[in-house]
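Listed here are the chains, written in short residue letters.
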Amino acid sequence: EPEVTQTPSHQVTQMGQEVILRCVPISNHLYFYWYRQILGQKVEFLVSFYNNEISEKSEIFDDQFSVERPDGSNFTLKIRSTKLEDSAMYFCASSAWAGGHYEQFFGPGTRLTVL
Amino acid sequence: GIQVEQSPPDLILQEGANSTLRCNFSDSVNNLQWFHQNPWGQLINLFYIPSGTKQNGRLSATTVATERYSLLYISSSQTTDSGVYFCAVFNDMRFGAGTRLTVKP
């Protein structure tokens, strides 16, 4: 069964450093998403991406964040200068458009720890 | 935005018991999913259920869109069912706060 994959599973970084989180969505999907979950809290939407551009973003997704689809398979989230409060689990998801409805499939997540 | 509320926040069961988890939402939706977050943090798709009823083994879900709620039923619970159950309304990209289920042997 096709699945969304994410690398790395765990990333430790120093405050102020740049990190890139990587995702490989399901191959025939057209919509891609990033979410984050701070430990013990609910999952929060960051950004959605379609046709090589951002289609929607939340208040959390400020200038420190960027997304890119550098090739036909990868989807990345970059945090330019990490802060302690960026420590969280980051989930990538993808969906196919199907008659006005779409089910999102989530990857296993990348746990980011900022020291 | 759409408000998504889940109840109860915590639930402790003895193995073999049945349970019902509820998700209320404040506006019309046409994209609703249930997830199970396992102890390793992974979000496992349970149901895509914007309306109607679906069943998958011991789990089933019902969404009554006109009354703005969805229910997740777990029958004959097992210790592996432990974790946090989230409903998510993707009309507005919102997750509920989750129900933490603990199943004791």
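Residues numbered from 1 in each chain as written. Chains lettered and ligands numbered in written order. Predicted model: local features only at pLDDT ≥ 70, side-chain atom pairs only at ≥ 80, totals over all residues. Heavy atoms only, no water.

**Some words on the state of the cysteines**
Residue and element names in this part refer to chain A.
And then number 1: Applying the stated criterion to the full structure yields two disulfides over all chains.
And then number 2: Note that cysteine 23 is cross-linked by a disulfide to cysteine 92, the S-S spacing being 1.9 Å. Every disulfide takes its handedness from the sign of the S-S torsion; for cysteine 23 and cysteine 92 that torsion is -60 degrees, giving left-handed. Of the two residues, cysteine 23 sits in strand E3 (residues 19-24) while cysteine 92 sits in strand E9 (residues 88-95), which places them 69 residues apart along the sequence.
And then number 3: Residue classification places cysteine 23 among the buried residues on the basis of a relative accessible area of 0%.
And then number 4: Judged by relative accessible area, cysteine 92 falls into the buried class, the value being 0%. (Disulfide = S-S within 2.5 Å. Helix = DSSP H or I, 4+ residues; strand = E, 2+ residues; numbered from the N terminus. Buried < 20%, exposed > 50% of the residue type's maximum accessible area, 1.4 Å probe, protein only.)

**Thoughts on the sheet that holds E3(A)**
Residue and element names in this part refer to chain A.
And then number 1: Strand order in the open sheet formed by four strands is E1-E3-E8-E7, with antiparallel pairing between adjacent strands. Each of the sheet's edge strands pairs with one partner strand only, and the pair in question is strand E1 (5-7) and strand E7 (65-68). Adjacent strand axes in the sheet meet at a mean angle of 20 degrees, parallel and antiparallel pairs treated alike.
And then number 2: Taken together, the three bridges between E1 and E3 define a ladder with antiparallel strand orientation. Paired with threonine 5 across the strands is valine 24, a residue of E3. (Pairing = 2+ DSSP bridges. Axes fitted to C-alpha atoms, helices over the stretch in contact; angles between N-to-C directions.)

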